[in-house]
Amino acid sequence: MKYRFEIILLLVMIFSACGDNQNKSHKSTESKKIISIPQFDADSAFQFVKHQVDFGPRVPNTTEHSACAQYLYGKLEVYCDTAMIQSFKTRAFDGTILHAKNIIGSFNPENYNRVLLCAHWDSRPFADYDPDPANHRKPILGANDGASGVGVLLEVARQLQSQSPPVGIDIVLFDAEDYGPPQDTQRDTEMDYWGLGSQYWSANPHVPGYFAKYGILLDMVGASDARFYMEGFSLYYAPGVLKKVWNTAHRIGYENYFYFEEGGYIDDDHKYINEIINIPTIDIIHMDKESANSSFFEYWHTVKDNMDVIDKTTLNVVGQTLLTVIFEEQ
Ligand code: AHN
Ligand code: ZN
């Protein structure tokens, strides 16, 4: 029993040291909350884009479209807390009844503080901006126009599976966005035949009385040297959200992608979300002010919108910006 005193002293020292550590770490988390932000994986996002494109054009009422819907639902079902398919019928500009599916995945479904993330997953039935008129009635692969935004959101979902976000998140993949009338027909001024999936969801949200404090739409977020300007409806309906996202992008080093310059009004899915369900929603969309015809990225609505245009750097810029915005939410 010679060492009893020494042993007790040692134990007291160990315990008091532990107590000290606990106090210190407690204090530091109270004064400044340390947030860890997951690292977006652009290789993984690229594979998600490629997998969609490998189905072929994802035009409503085709088998390729059905197969891709099952793939996307399967991914959201694995990564999210809850997932569902919202099936609906909608009438296209030419009277065709489209069998459409919005695909939805949610994190923390019980949290009232929610953020909406969205993109369209269908691809356009008409390459009506192709330089070769012989392609004007061919469907497009929509690697950038469609699959890129969805690819980024699938990778965000995969990250949120391993690190739960501080807010509720709803990922909504809209169908039938790109079935608007071809530009060389009498009907090309009928604007409301675009964004049919977002119009349906905004009038019939997947949760009755659904609300999110804001929304972010991704459209054409995968091409190299993409430029994201301040889109008109975003600036009109959700200026605070737009500034928050653009400032975040600049802070983490992406000022060569996000421009504090106005880019014009685009009739995209966010317009319907803002106007029908009144969730302030911005559009991160690749515009090209120098473009001769379309005002969008070079291969917009052409048969060249394939995997060759997809750049991992751009996917990373958008994905890491989204993850930063999400994890800095209170
Ligand atoms: C129009 O310019 C009519 N719509 C833009 C929305 C869109 C189409 N985004 C991708 N494809
Ligand atoms: Zn399109």
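Scroll up a little and you will see the structure.
Cut-offs and rules
Residues numbered from 1 in each chain as written. Chains lettered and ligands numbered in written order. Predicted model: local features only at pLDDT ≥ 70, side-chain atom pairs only at ≥ 80, totals over all residues. Heavy atoms only, no water. Core = buried A, V, L, I, M, F, W, Y, C linked by side-chain atoms within 4.5 Å. Buried < 20%, exposed > 50% of the residue type's maximum accessible area, 1.4 Å probe, protein only. Helix = DSSP H or I, 4+ residues; strand = E, 2+ residues; numbered from the N terminus. Contact = heavy atoms within 4.5 Å. Expected span 1.5 Å × (residues − 1). Donors = N, O, S within 2.8 Å, 3.2 Å for Na, K, Ca; no water. Axes fitted to C-alpha atoms, helices over the stretch in contact; angles between N-to-C directions. Parallel < 35°, antiparallel > 145°, perpendicular 65-115°, else oblique. Nonpolar A, V, L, I, M, F, W, Y, C, P; charged D, E, K, R; others polar. Near = heavy atom within 4 Å. Polar contact = N/O pair within 3.5 Å; in protein donor to acceptor, adjacent residues only side chain to side chain. Areas by Shrake-Rupley, 256 points an atom, 1.4 Å probe, with all protein chains shown as cover. Phe/Tyr/Trp six-rings, centres within 6.5 Å; stacked < 30°, edge-to-face > 60°. Pairing = 2+ DSSP bridges.

1. Things to note about the nonpolar core
Okay, step 1: Counting residues in each nonpolar core, the largest one holds 71 residues, and the members touching the most others are Leu117, Leu218, Phe258 and Ile284.
Okay, step 2: Ranked by residue count, the leading element in this core is helix α4 (residues 143–162), at 9 residues.
Okay, step 3: Discounting residues that sit within four places of it in the chain, Phe258 has contacts with Phe228, Val245, Trp246, Ala249, His250, Ile284, Val317 and Thr321.
Okay, step 4: With 12 residues, the next largest nonpolar core counts Leu116, Ala212, Ile273 and Ile279 among its residues.

2. What about the environment of Pro205?
Okay, step 1: Of note, Pro205 is situated in the loop between α5 (196–203) and β5 (214–219).
Okay, step 2: Apart from residues no more than four positions distant in its own chain, Pro205 is found in contact with Gln86, Tyr210 and Ile277.

3. Comments concerning α4
Okay, step 1: With 20 residues, α4 should reach 28 Å at 1.5 Å per residue; the first-to-last C-alpha distance of 27 Å fits that figure.
Okay, step 2: Where burial is concerned, most of α4 is hidden: 17 out of the 20 residues are buried.

4. A closer look at the coordination of the zinc ion (ligand 2)
Okay, step 1: Taken together, the protein donors to the zinc ion (ligand 2) comprise Asp145 (OD), Asp178 (OD), Asp178 (OD) and His301 (NE2), at separations of 1.9 to 2.6 Å.
Okay, step 2: Between consecutive donor residues of the zinc ion (ligand 2), the sequence gaps follow D-x32-D-x122-H. Pair noted here: Asp145 is in helix α4 and His301 is in the loop between β8 (281–285) and α9 (312–327), with a separation of 156 residues, a long-range link. The same class applies to Asp145 and to His301, which are both buried.

5. Things to note about helix α8 (residues 269–277)
Okay, step 1: Burial of α8 is extensive: 7 of the 9 residues sit out of reach of the surface.
Okay, step 2: Buried within α8 are the following residues: Asp269, His270, Lys271, Tyr272, Ile273, Asn274 and Ile277.
Okay, step 3: Directly after α8, the chain includes Asn278, whose backbone phi takes a positive value near 60 degrees.

6. Re the packing of helix α2 (residues 42–54) against α9
Okay, step 1: Remark: α2 packs on α9, axes separated minimally by 9 Å, with the N-to-C direction vectors making an angle of 110 degrees. It follows from the interaxial angle that α2 and α9 lie roughly perpendicular. Contact with α2, carried on its side by Ala42, Asp43, Ala45, Phe46 and Val49, involves Lys312, Leu315 and Asn316 of α9 and no other residues of that element.
Okay, step 2: The residue inventory of the contact of α2 with α9, partitioned by class, reads 5 nonpolar, 1 polar and 2 charged.

7. Focus on the site of ligand 1
Okay, step 1: For ligand 1, the set of nearby residues contains 13 residues, the closest of which are Asp145, Glu177, Asp178, Asp219 and His301.
Okay, step 2: For ligand 1, a nitrogen atom lies 3.2 Å from a polar atom in the side chain of Asp145.
Okay, step 3: Side-chain polar atom of Glu177 to a nitrogen atom of ligand 1: 3.5 Å apart, as the coordinates give it.
Okay, step 4: Isolated, ligand 1 exposes 320 Å² of accessible area, and the fraction of that covered by the protein chains is 91%.
Okay, step 5: Here the residues of the shell around ligand 1 sort into 6 nonpolar, 1 polar and 6 charged.

8. Description of the packing of aromatic side chains
Okay, step 1: All chains considered together, the criterion is met by 15 aromatic pairs.
Okay, step 2: Between Phe88 and Tyr200, the aromatic rings sit 4.3 Å apart at their centres with planes inclined by 5 degrees, giving stacked as the arrangement. You can see Phe88 sitting in strand β1 (residues 82–91) and its partner Tyr200 sitting in helix α5, a full 112 residues away along the chain.
Okay, step 3: Phe88 gets classed as buried once you look at its relative accessible area, which sits at 6%.
Okay, step 4: Centre to centre, the rings of Phe93 and Tyr179 are 6.3 Å apart; their planes meet at 45 degrees, and the pair counts as tilted. With Phe93 in the loop between β1 and β2 (97–107) and Tyr179 in the loop between β4 (168–174) and α5, the pair connects residues that are 86 residues apart, well separated along the chain.
Okay, step 5: Note on Tyr179: relative accessible area 10%, which makes it buried.

9. Let's talk about the sheet that holds β8
Whenever strands of a sheet pair, they do so through backbone hydrogen bonds, lying parallel or antiparallel.
Okay, step 1: In space, the 6 strands of this open sheet follow the order β1-β2-β4-β3-β5-β8, with mixed pairing throughout. Edge strands, defined here as strands with exactly one partner in the open sheet, are β1 and β8. On average, each strand axis in the sheet is tilted by 20 degrees relative to the strand beside it, whichever way the strands run.
Okay, step 2: Relative to β2, β1 runs antiparallel, the two being bridged by 10 bridges. Looking across to β2, one finds that Thr82 is bridged to Ser106.
Okay, step 3: Running at roughly 40 degrees to β8, helix α7 (residues 239–251) makes contact with β5 and β8 of the sheet.

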